[in-house]
Amino acid sequence: MSYNINNQISQAEPRSGQCLRTFLREQGWFGVKKGCDAGDCGACTVHINGEPVHSCLFPAQMAEDKEITTIEGMADPDGALHPMQQQFLDAQGFQCGFCTAGMVMTAAKLDQAQRTKLPQHMKGNLCRCTGYGAIRRAIEGDSDTEISATKGACGRNVPAPAGQDVVTGRAQYTMDTEIAALTHLKILRAPHASARITSINTTAALASPGVIAVLTHKDAPTRKFSTARHQNVDEDVADTLVLDPVIRFVGQRVAAVVAETEAAAEAACALIDVTYQRFTPVLDPRAALASDSPRVHEANNSNIVAEVHGGVGDIAAGLTAADVVHEATYTSQRVQHAHLETHGCIGYQDPEGRLTLRTSSQTPFLTRDALATLFDLAQAKVRVFCARVGGGFGGKQEMLTEDLVALAVLKTGRPVKLELTRPEQFTGTTSRHPMRVKVRLAASRDGLLTAMEMEVLSDTGAYGNHAGGVLFHAVGESIALYKCPNKRIDGKAVYTNTLPAGAFRGYGLSQTNFAVESGIDELARKLKMDPVAFRRLNMVRPGDPLVSAETEHYGLEMASYGLDQCVDLVEQDVNAALLPDLGPDWQVGRGIALGMIATAPPRGHFAESQITALSGNQFELRVGTCEFGNGTTTVHAQIAAQVLGVDPTQIRVLQSDTDLTGHDSGAYGSTGTVIAGSATKAAAEELLARLQSTENATDVALTGIGHADGARRSIAFNVQGFVVAVHRRYGTLQILQSVHAADAGTVINPQQCMGQIEGGVAQAVGAALYERLEIDAEGAVSTASFRNYHLPAFPDLPETVVHFADTHDPLGPMGAKSMSESPYNPVAAALGNAIRDATGLRFTATPFAPDTLYRDLGARTQITQP
Ligand code: FES
């Protein structure tokens, strides 16, 4: 058959029923991305005879003799970018960039009238990173890339070095490569929530055409490990096997097939004959606490994975001294990271026989170390590296594909690819920890807190990855944010036979912050005080101790402080909001919430950077940390350029490869700027000293090496405010204003940092209003698609105004603080507080979905004016 792809005529035979997306990628057009293969996300958008289509839904055979244009064909033959590509480049309308090709393809075909209705016309293209603010600015041609020559490299909107590659589709993500003799791995997953495999017959599968190997628990290592990746391995319970004969959740791996094609591997999975002995699952975390509950991990004495107990003062005395008390239980649901690039990994043995993995990970070094231990290999015999990573949000701080691919490579000797489907992403990876958080807050009539008590029950699902870390983090900064002489925290994380929870943006703080900041609001109302004034009276100030459950703070200090500025900035905007006349059925309310977060994880986080002076006044910077849309590549180039007194374009950044540098703990806990950036600053300073002490040029390339260890940690602050309108009869919610102020220290790249904040707020609005990863009565995920899960689209999200406090942190590189995770945390509470202000009703469970609001507002007589 004849195909015209980007004005190149080729002959090819698509397979029967093959979609255009996979066909185009097999022809080498890697700019066509896979986000869902269900027509929901638009990452695969191409033009057919000039019309945008989702290529995952378009039969390849129907494209014969039609003009097919992919993102690679949008630029002029002479290389000039299509105007829409240029606009996305100028406005930096992307973060990870995985959605960008599809966005550009759709936006390029909008006429002027359609561009005035972007929510309507862009709703078929999903972005998880940006919150659509930067995309809207790009399509509208609203860019702000002006670079001041007077400020040095930092503090400027330096464009991302990968920008040209992202907007042209040349940026290579994990799966965007051709490997000779590549085989394909598919996973057979468990249909039961609790069971034991009593027999597994692979004969028919092995005999199936194209099958190379079928792997079961009999082929896998017997050493247990945690999928969580942390610098300190003992932070996570080792409770997982590569393939386990005991099934603990619906979707757990049962077996794997390696075959010459994906279709052959998938077909063979269906031929594996498994017999299960089924058990009664425990699906509810409260039931899991009961002494007679079935044990998810049979050898344990209970289902409790981790617990924390601590505090200061005397809660009973604090309650006695109080004039008002608020007590309530707040619940946060399971939500998914939903990064547009699914988990995936390609493994092979290099010419020297080293196990080599190209993977979508936030932690290549820690994954290398774990694989070496798991398979009894010397670290030098394993290399793990990342191409560009299409989003992470904590989901890729796990080893969820690499262990199985490594096993397959070692067993077969062949290159092996594993790319999860979108349903697998929902059913077989991880989620945010669902939590029940009971708070009891008390204050005296002069407005001072007298007692803060918090009881947390965290559901870690079938495995304990991140269970302890998330729990400890959840009960830290959420309650340390306020001064109070009497604090008590009790938290437990429990196993259930459900999808494992794991690291997620905010690392537990969003759930506890929702409880504490909602409770603080209620307490202020009981005192008939303005909630903002109540917060000002009680929030921590410089010099105040940071008190939570733990007495050991691992180098945490308030090295800079901008919370007061953030509160002022948000309050001003929220109070000054101009409200449209919505009519008598709409009730309007305002709400804010505060957040605080340590700028680095406790107990050590390590980074090494190397920078080498090349000829022509160029520099090569090698960093271990990853770029997955967090903007660290640009920030590192800026930091190095600032130190060396050159332009960031003179810095070429190589990253996230265990062969490139010494150890790096990875891109989690928002460490890419603060810790890895500190290592880069130190490396550049060492190189500068060498350059200054070296007379004339030498034949030897000079290198500087820098390290950072996160031993001293500072505090960053965030404040979110909303103005909302709630329809008194239908429960419909409109966000009239969203404003966020961040204390990010000295902001190295304002445009990128603003994008991180917009994206964090948007992701949190999604979790607060729409997203639900639901588990049915049998323990199975019942919302395994973007559509059913309700990933927010363009029309679902508000624009957020972003302000920065004017601070400088002495512990961060160039005065910077972390700002990737924390914007997420105060959003649910701020929305709940605004809804409370509008309706008089306190909603204690997220999401505040229309059906929930409608149900609870149903008895309209309940609605009172605030
Ligand atoms: Fe849109 Fe990452 S930039 S999905």
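Residues numbered from 1 in each chain as written. Predicted model: local features only at pLDDT ≥ 70, side-chain atom pairs only at ≥ 80, totals over all residues. Heavy atoms only, no water.

## Observations regarding the overall build of the chain
At step 1: Scanning the chain from N- to C-terminus turns up 25 helices and 28 strands.
At step 2: For the chain, the C-alpha radius of gyration of 27 Å lies close to 29 Å, the compact-globule estimate for 866 residues.
At step 3: For the chain, the spread of C-alpha atoms along the three principal axes comes to 80 × 70 × 60 Å.
At step 4: Of all 866 residues assigned to the chain, the portion counted as buried reaches 64%.
At step 5: Residue pairs at least 24 apart in sequence account for 80% of intrachain contacts in the chain once pairs closer than 6 positions are excluded.
At step 6: Accessible area for the chain stands at about 30300 Å²; split by element, carbon and sulfur atoms hold 49% of it. (Helix = DSSP H or I, 4+ residues; strand = E, 2+ residues; numbered from the N terminus. Rg over C-alpha atoms; globule rule 2.2 N^0.38 Å. Buried < 20%, exposed > 50% of the residue type's maximum accessible area, 1.4 Å probe, protein only. Contact = heavy atoms within 4.5 Å. Areas by Shrake-Rupley, 256 points an atom, 1.4 Å probe, with all protein chains shown as cover.)

## Thoughts on the sheet that holds strand E2 (residues 8-11)
At step 1: Sheet architecture is open: five strands sit in the order E2-E1-E5-E3-E4, paired in mixed fashion. Edge positions in the open sheet fall to E2 and strand E4 (51-54), since each of these has one partner strand only. When strand polarity is set aside, the average angle formed by the axes of neighbouring strands in this sheet is 35 degrees.
At step 2: Sitting on the sheet, helix H3 (residues 100-107) touches strand E3 (45-48), E4 and strand E5 (67-69), and the angle it makes with E3 is about 35 degrees. (Pairing = 2+ DSSP bridges. Axes fitted to C-alpha atoms, helices over the stretch in contact; angles between N-to-C directions.)

## Structural notes on the side chain of His-740
At step 1: With respect to the element layout, His-740 can be found in strand E27 (residues 733-743).
At step 2: On the accessibility criterion, His-740 (0% relative accessible area) is buried.
At step 3: There is a polar contact of 2.8 Å between the side chain of His-740 and the side chain of Gln-720.
At step 4: With sequence-adjacent residues up to four places away left out, His-740 is seen in contact with Val-570, Asn-718, Val-719, Gln-720, Ile-757, Val-761, Thr-800, Val-801, Val-802, His-803, Pro-823 and Pro-826. (Polar contact = N/O pair within 3.5 Å; in protein donor to acceptor, adjacent residues only side chain to side chain.)

## A word on the pattern of salt bridges
At step 1: Overall, the coordinates contain 57 salt bridges when judged by the stated rule.
At step 2: Between Glu-341 and Lys-396 there is a salt bridge, with the nearest N and O atoms lying 3.0 Å from each other. Here Glu-341, found in the loop between strand E13 (324-332) and strand E14 (344-349), pairs with Lys-396, found in the loop between strand E16 (382-385) and helix H13 (402-412); they are 55 residues apart in sequence, far enough to count as distant. Judged on exposure class, the residue Glu-341 and its partner Lys-396 are both buried.
At step 3: Put simply, Arg-525 and Asp-521 hold a salt bridge, and the shortest N to O gap is 3.4 Å. Residue Arg-525 and its partner Asp-521 are located together in helix H17 (residues 509-526), separated by four residues, close to a single helical turn.
At step 4: Look at Asp-521 and you get buried, because its relative accessible area is 2%.
At step 5: Through salt bridges with shared partners, a single ionic network connects Glu-517, Asp-521, Glu-522, Arg-525, Arg-535, Arg-836, Asp-837 and Arg-842. (Salt bridge = Lys/Arg side-chain N within 4 Å of Asp/Glu carboxyl O.)

## Re unusual backbone geometry
At step 1: Cis geometry is adopted by the peptide bond preceding Pro-847, which originates at Thr-846 and carries an omega value of 5 degrees.
At step 2: Tracing the chain through its elements places Pro-847 in the loop between helix H24 (827-839) and helix H25 (850-857).
At step 3: Phi is positive for Ala-338, close to 55 degrees, though the residue is something other than glycine.
At step 4: With respect to the helices, strands and loops of the structure, Ala-338 is situated in the loop between E13 and E14.
At step 5: On the basis of relative accessible area, Ala-338 is assigned to the buried category, the value being 0%.
At step 6: At Arg-603, a residue that is not glycine, the phi angle is positive and equals roughly 65 degrees.
At step 7: With respect to the helices and strands, the residue Arg-603 is situated in the loop between strand E21 (586-598) and strand E22 (607-614).

## Observations concerning helix H22 (residues 750-769)
At step 1: An ideal rise of 1.5 Å per residue puts 28 Å on 20 residues; H22 measures up with 28 Å between its terminal C-alpha atoms.
At step 2: Across the 20 residues that make up H22, a large majority, 18, are buried. (Expected span 1.5 Å × (residues − 1).)

## Some words on the confidence of the model for the chain
At step 1: Per-residue pLDDT for the chain has a mean of 94; in total, 97% of the residues score no lower than 70.
At step 2: For the stretch residues 145-151, pLDDT sits under 50, and the model shows nine contacts to residues farther than four places along the chain or on other chains.
At step 3: Contacts for the low-pLDDT stretch residues 860-866, under 50 throughout, to residues beyond four places or in other chains number 16 contacts. (pLDDT = per-residue confidence, 0-100.)

## Focus on the packing of H17 against helix H18 (residues 531-538)
For any two helices packed against each other, one specifies the inter-axial angle together with the distance between the axes.
At step 1: Across the interface, H17 lies against H18 with an axial gap of 9 Å and an inter-helix angle of 110 degrees. For the element pair H17 / H18, the angle class is roughly perpendicular. Contact residues: Glu-517, Ile-520, Asp-521, Leu-523 and Ala-524 in H17; Pro-531, Phe-534 and Arg-535 in H18.
At step 2: Tallied by class, the residues present in the contact of H17 with H18 amount to five nonpolar, no polar and three charged. (Parallel < 35°, antiparallel > 145°, perpendicular 65-115°, else oblique. Nonpolar A, V, L, I, M, F, W, Y, C, P; charged D, E, K, R; others polar.)

## Brief notes about the sheet that holds strand E9 (residues 246-247)
At step 1: Read across the open sheet, the three strands follow the order E9-E7-E11; overall the sheet is antiparallel. The sheet is open, and its two edges are formed by E9 and strand E11 (273-278), each paired on a single side.

## Topic: empty space enclosed by the protein
At step 1: Counted according to the given criterion, the structure contains nine cavities of 30 Å³ or more.
At step 2: Reported here for the second largest cavity is a volume of approximately 250 Å³.
At step 3: As for the second largest cavity, its lining consists of 21 residues, of which Thr-227, Thr-240, Phe-249, Arg-253 and Leu-400 are closest to the centre.
At step 4: Among the residues making up the lining of the second largest cavity, the classes are represented as nine nonpolar, eight polar and four charged. (1 Å grid on protein atoms, 1.4 Å probe; cavity = no way out; pocket = protein on both sides within 12 Å on 5 of 7 lines; lining within 4 Å. Points joined across faces, edges and corners; volume = space filled by probe spheres on them.)

## So, the packing of aromatic side chains
At step 1: All told, the structure shown has eleven aromatic pairs when counted by the stated rule.
At step 2: Arranged with centres 4.6 Å apart and planes meeting at 45 degrees, the rings of Tyr-3 and Phe-23 form a pair that is tilted. With a gap of 20 residues between them, Tyr-3 in strand E1 (residues 2-5) and Phe-23 in helix H1 (residues 20-26) connect regions that are remote in the sequence. No difference in accessibility class separates Tyr-3 from Phe-23, as the two residues are buried.
At step 3: Through successive ring pairs, a cluster of aromatic residues spans Tyr-330, Phe-514, Phe-843 and Phe-848. (Phe/Tyr/Trp six-rings, centres within 6.5 Å; stacked < 30°, edge-to-face > 60°.)

## Looking at the side chain of Thr-359
At step 1: In this fold, Thr-359 is placed in strand E15 (residues 355-359).
At step 2: Within polar-contact distance, the side chain of Thr-359 engages the backbone oxygen of Gly-344 at 3.3 Å.
At step 3: Not counting residues within four places of it along the chain, the set of residues in contact with Thr-359 comprises Thr-174, Gly-344, Cys-345, Val-384, Phe-385, Cys-386, Ala-387, Thr-401 and Glu-402.

## Re the state of the cysteines
At step 1: Across all of its chains, the model carries zero disulfides by this definition.
At step 2: Lacking any disulfide linkage, Cys-41 is separated from the closest cysteine sulfur, that of Cys-36, by 3.7 Å.
At step 3: With relative accessibility at 2%, the residue Cys-41 sits in the buried group.
At step 4: Considering cysteine sulfurs only, Cys-56 is the nearest to Cys-44, which forms no disulfide, with 3.8 Å between them. (Disulfide = S-S within 2.5 Å.)

## Things to note about the environment of Val-470
At step 1: Here Val-470 lies in helix H15 (residues 467-474).
At step 2: Residue classification places Val-470 among the buried positions, given a relative accessible area of 1%.
At step 3: Once the C-alpha coordinates of Val-470 and Ile-748 are considered, the two residues, 278 residues apart in sequence, prove to be 28 Å apart.
At step 4: Every residue in contact with Val-470, bar those within four places of it in the chain, is listed here: His-433, Met-435, Gly-502, Tyr-507 and Gly-508.

## Quick word on H13
At step 1: The element H13 is extensively covered by neighbouring structure, given that eight of its eleven residues are classed as buried.
At step 2: Glu-402, Asp-403, Leu-404, Val-405, Ala-406, Leu-407, Ala-408 and Val-409 are the residues of H13 that are buried.

## Notes on the environment of His-339
At step 1: Mapping His-339 onto the fold places it in the loop between E13 and E14.
At step 2: Among the residues examined, His-339 registers a relative accessible area of 1% and is labelled buried.
At step 3: Once you skip the residues sitting within four places of it in the chain, His-339 turns out to touch Arg-128, Gly-390, Gly-391, Gly-392, Phe-393, Gly-395, Lys-396, Arg-422 and Gln-425.
At step 4: Here the side chain of His-339 touches Glu-341 through a polar contact of 2.8 Å, landing on its backbone oxygen.

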